Amino acid sequence: MGEKINRREIPSVTKLVGHRIGKELIQEFGRQEFVSECRKTLEFIRNNSGDFCGVLILEEILEKIKQNLNRKSTKKLKPVINCTGTILHTNLGRAPLSKEVGEVLKDISVGYSNLEFDLETGQRGTRTAGIEEQLNTLLGVEDCAIVNNNAAAVLLVLMTVAKGKEVIISRGQLVEIGGSFRIPEIMEQSGSILKEVGATNKVHLKDYENAITENTCAIMRVHPSNYRITGFTKEVSLAELRELSIKYNIPLIDDLGSGTIVELDKWGVYDEPTVNQSVKIGGDIVTFSGDKLLGGPQCGIIVGKKDYIQKIKKHPLMRALRCDKLVLTALQYTLELYKQDRFNKIPLYKFLERNTVELHRLAKDITRDIPQGTYEIQEDYAYVGGGALPTQEIPTVTIKFKGDYSAKKLSQAFRDQEKPIIGRINQDQFILDLKAVFEEDIPYIQRITTKIWGDMNG
Ligand SMILES: *Cc1c(COP(=O)(O)O)cnc(C)c1O
């Protein structure tokens with residue numbers, strides 16, 4: 001312990017404000033924020049002066065203030081780098097939009113737009129007119145409604161068509177999909193009555209048929225999304241349910257969850273039903289998310305037969321659940337990429353497309369300045385995520401750091417950066433998974449990796 005510092009040596013706030021670094025911090029964080037942090041830090045030094053060495057260096061105090069300000073700013077939304085190996089990571093904002101879509105968003109957000117204005121007639125227009133046209137072209141659907149997320153979509157659909165009446169659903173589909181969205185609870189909230197049929201692992205067509213009464217108002221299928229039952233199982237296909245729904249003249253609701261509108265076999269992904277299939281088979285109402293496999297903004301998309309969709313749009317809650325112009329712009333321009341068959345511009349599809357040879361090249365780039373033998377480049381499996389395809393392993397390449405520093409510490413060091421790098425911890429080891437990393441972030445990751453390696457070994 002050094003000699004106690006003299007209280008008179010503690011600088012004034014004015015001195016910190018006038019310093020070059022102080023001025024930079026004011027630029028970055030604002031004067032009020034900076035001054036308030038100066039007061040707190042100086043107060044701390046005053047109260048703990050015994051812990052400090054004889055000489056107080058102004059730059060060191062300012063460095064401490066900068067750290068505190070940076071720590072506080074981690075609560076603000078900001079870009080991060082996803083090295084978790086989960087492409088649609090719910091905690092990291094699910095689907096990144098295509099760059100092109102981002103450009104349009106910038107223009108729309110800072111000016112006026114024809115959100116509810118028909119440029120042809122000069123009259124008031126509807127905010128989803130353009131999207132209706134696109135979904136009609138892409139999926140052949142009669143109509144659509146767009147709400148804040150798919151949870152809202154399911155709620156609104158049930159409130160409109162099933163309030164006070166029975167909805168038949170298989171026991172195996174009464175799922176919970178992260179963040180407290182549970183099908184039975186949503187049904188309860190909507191005021192509809194859950195009529196569950198079959199056993200957890202098996203359900204037969206006759207189970208559905210036997211459950212139909214004059215009080216039945218819909219048959220519902222829910223995609224199990226984030227889990228799979230395997231082994232001794234049986235499901236009733238959507239086509240069979242469709243026949244039943246026609247025979248008894250009751251609507252068929254299909255909650256697809258992820259809702260891809262392209263076949264994914266090309267990328268070795270086989271068990272995801274497409275929206276096109278559901279619509280073709282004749283789901284009267286089909287719901288899916290905008291920010292899962294579609295690669296668009298967070299929203300819930302309801303498509304189907306005009307009669308039902310019109311009723312849904314007229315429900316009083318529609319106004320409470322509708323999307324703002326930025327979401328609608330992002331959705332429209334994302335759908336445009338599908339229409340032009342350029343959906344490979346959507347990051348999700350870019351990442352799926354990238355093979356392990358390319359990923360090895362990125363890994364080599366990142367580790368170029370750290371000594372061989374202190375890390376390992378390995379092939380591993382990544383996941384789509386976002387509650388989709390939970391068992392589908394996608395080949396990826398990871399970087400694992402050897403040495404006896406703790407995985408937790410390493411993970412924190414990567415997080416503590418200006419653009420935080422979020423990796424994953426696997427069997428007590430910290431790894432960077434490159435599956436969902438943007439190419440343009442590679443030089444930055446390389447720099448940070450080298451710096452952290454130096455700090456850990458220096
Ligand atoms: C993800 C999902 C939802 C909820 O969708 P959000 O867009 O997250 O609100 C509902 N149903 C299914 C089947 C899902 O997979």
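The structure this text deals with has already been given above.
Keep in mind the model is a prediction, meaning the values are calculated, not measured.

Draft legend 1. Structural context of the overall build of the protein. Within the protein, the secondary structure is distributed over 18 helices and 14 strands. Expressed as lengths along the three principal axes of its C-alpha atoms, the size of the protein is roughly 90 × 55 × 40 Å. Burial analysis of the protein (458 residues in total) assigns 48% to the buried set. Within the protein, contacts between residues at least 6 apart in sequence are counted, and of these 75% link residues at least 24 apart. Split by element, the accessible area of the protein, about 23,700 Å² in all, is 49% carbon and sulfur. Averaging the positions of the 63 positive and the 61 negative side-chain charges in the protein gives two centres separated by 5 Å.

Draft legend 2. Fine view of the site of the ligand. Taken together, 13 residues are adjacent to the ligand, and R94, S225, D255, S289 and K292 come closest. Separating an oxygen atom of the ligand from a side-chain N or O atom of S289 is a distance of 2.7 Å. Isolated, the ligand exposes 380 Å² of accessible area, and the fraction of that covered by the protein chains is 94%. Elements with a minimum of two residues in the shell around the ligand: α7 (150–162) and β7 (252–257).

Draft legend 3. Spatial organisation of the layout of surface pockets. What the largest pocket holds in volume is close to 1,100 Å³. Lining the largest pocket are 37 residues, and of these K78, P79, V80, L92 and P96 lie nearest its centre. Counting only elements with at least two residues in the lining of the largest pocket, the list comes to β1 (81–82), α5 (99–109) and α15 (347–353). Take the lining of the largest pocket: its biggest share by element is 5 residues, from α5.

Draft legend 4. Focus on the nonpolar core. L135, I146, V275, I301, V303 and Y349 are the most contacted members of the largest nonpolar core, which totals 45 residues. Among the elements that make up this core, the one with the highest residue count is helix α14 (residues 325–339) (7 residues). The next biggest cluster of nonpolar side chains, apart from the first, holds 31 residues, and it includes I177, F181, I309 and I312.

Draft legend 5. Spatial organisation of α5. Taken residue by residue, α5 has V101, V104, L105 and I108 as its buried positions. Along α5, the residues classed as buried sweep out an arc of 105° about the axis, all on the same side. In α5, the exposed positions angled more than 90 degrees off the buried face are occupied by K99, K106 and D107. Where α5 is buried, its residues contact α14. Its side-chain oxygen placed 3.2 Å from the backbone nitrogen of E100, S98 serves as the N-cap of α5.

Draft legend 6. Fine view of helix α8 (residues 183–190). For α8, the full list of buried residues reads I183, I186, M187 and S190. Each buried residue of α8 lies within a common arc of 100° when the element is viewed along its axis, so the set occupies one face. Every exposed residue of α8 that faces more than 90 degrees away from the buried side is listed here: E188 and Q189. In the core, the buried residues of α8 are packed alongside α7, β4 (166–170), β5 (193–197), β6 (216–222) and β7. G191 lies just past α8 and shows a positive phi near 85°.

Draft legend 7. Representation of the pairing of strand β11 (residues 394–401). A large share of β11 lies buried, amounting to 7 of its 8 residues. Note: strand β10 (residues 375–385) against β11, 8 bridges, orientation antiparallel. Within β11, the residue paired with Y381 across the bridge is P395. Across 3 bridges, the pairing between β11 and strand β14 (residues 429–433) is antiparallel. Residue K400 lies in a different strand from β14, and its bridge partner there is I431.

Calculation notes
- Residues numbered from 1 in each chain as written.
- Predicted model: local features only at pLDDT ≥ 70, side-chain atom pairs only at ≥ 80, totals over all residues.
- Heavy atoms only, no water.
- Helix = DSSP H or I, 4+ residues; strand = E, 2+ residues; numbered from the N terminus.
- Buried < 20%, exposed > 50% of the residue type's maximum accessible area, 1.4 Å probe, protein only.
- Contact = heavy atoms within 4.5 Å.
- Areas by Shrake-Rupley, 256 points an atom, 1.4 Å probe, with all protein chains shown as cover.
- Lys, Arg positive; Asp, Glu negative; His and termini not counted.
- Charge placed at Lys NZ, Arg CZ, Asp CG, Glu CD.
- Near = heavy atom within 4 Å.
- Polar contact = N/O pair within 3.5 Å; in protein donor to acceptor, adjacent residues only side chain to side chain.
- 1 Å grid on protein atoms, 1.4 Å probe; cavity = no way out; pocket = protein on both sides within 12 Å on 5 of 7 lines; lining within 4 Å.
- Points joined across faces, edges and corners; volume = space filled by probe spheres on them.
- Core = buried A, V, L, I, M, F, W, Y, C linked by side-chain atoms within 4.5 Å.
- Arc of directions from axis to C-beta.
- Pairing = 2+ DSSP bridges.

The analysis is restricted to geometry; functional conclusions fall outside its scope.
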